[in-house]
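Single-letter residue listing:
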Amino acid sequence: MKVVFYAYVLKSKHHDYFYKGHCKDLKKRLLQHNSGMTASIKPFIPFEIVYFEEFETLQEPIKREKYFKSSRGREFLKKILAP
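Participant: Describe the sheet that holds strand 2 (residues 18-23), with residues and values.
Facilitator: Strand order in this open sheet of three strands is 2-1-3, and the pairing throughout is antiparallel. At either margin of the open sheet sits one strand with a lone partner, and together these are strand 2 and strand 3 (47-55). Averaged over neighbouring strand pairs, the angle between their axes works out to 20° when direction is ignored. As paired elements, strand 1 (residues 5-12) and strand 2 share six bridges and run antiparallel to each other. What sits directly across from Lys11, in strand 2, is Phe18. Contacting strand 1, strand 2 and strand 3, helix 2 (residues 59-69) crosses the sheet at an angle of about 30° to strand 1.

Participant: Please provide a residue-by-residue account of helix 2, values included.
Facilitator: Within helix 2 the residues assigned to the buried category are Pro61, Glu65 and Phe68. Relative to the axis of helix 2, the buried residues are bounded by an arc of 60° and lie together on one face. Along helix 2, the residues that are exposed and aim more than 90 degrees away from the buried face are Gln59, Lys63 and Lys66.

Participant: Can you tell me about unusual backbone geometry, naming the residues and giving the values?
Facilitator: With an omega of 10°, the peptide bond running from Ile45 to Pro46 counts as cis. Note that Pro46 resides in the loop between helix 1 (26-34) and strand 3.

Participant: Before we move on, can you summarise the pattern of salt bridges with the specific residues and values?
Facilitator: Scanning the model with the defined rule gives four salt bridges in all. Between Glu56 and Lys2 there is a salt bridge; the shortest N-O distance is 3.4 Å. Here Glu56 is found in the loop between strand 3 and helix 2, whereas its partner Lys2 is found in the segment before strand 1, with 54 residues between them in sequence. Overall, the relative accessible area of 58% leaves Lys2 in the exposed class. Across the salt bridge formed by Lys69 and Glu65, the nearest N and O atoms sit 2.7 Å from each other. Here the residue Lys69 and the residue Glu65 both occupy positions in helix 2, the gap between them amounting to four residues, near one helical turn. Of the residues examined, Glu65 reaches a relative accessible area of 11% and is grouped as buried.

Conventions used here
Throughout this document, residue positions are counted from 1 along each chain, in the order its sequence is written. Reporting of local features is limited, given that this is a predicted model, to residues whose pLDDT is at least 70; pairs of side-chain atoms are given and counted only at 80 or more, and all residues count toward the totals for whole chains, interfaces and linings. To obtain the side-chain values, all non-hydrogen atoms of the structure were used and water was disregarded. Whether two strands pair depends on DSSP finding at least two bridges between them. Every helix listed is a DSSP run of H or I at least four residues long, and every strand listed is a run of E at least two residues long, numbered separately from the N terminus. Lines fitted to C-alpha atoms define the axes here, with helix axes fitted over just the stretch in contact, and angles between the N-to-C directions of these axes take values from 0 to 180 degrees. In this analysis, two residues are considered to be in contact whenever any of their non-hydrogen atoms come within 4.5 Å of each other. The classification of residues rests on relative accessible area computed with a 1.4 Å probe and restricted to protein chains. Under 20% of the type maximum is buried, over 50% is exposed, and intermediate values are partly exposed. What the arc measures is the spread of directions leading from the helix axis to the C-beta atoms. For this analysis, a salt bridge means a side-chain nitrogen from Lys or Arg found within 4 Å of a carboxyl oxygen belonging to Asp or Glu.

In structure tokens form, the structure reads like this:
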């Protein structure tokens, strides 16, 4: 079985707040975020997945997450997530 890693973007359902991260199990990670396990984003729950990309190695989604958090990455996300 092939292992897949993800870089992802979550959006708060009730606030104008985006969270960028990486993980191995996207559904499990969303459940963790929405259960309040991450204290710094607890005020913004619940979240929904608005964007993700799949990768074959762990280093790739880490690099992509860093890009999402950069000014260029935020502009990229703004363009693709625009209604």
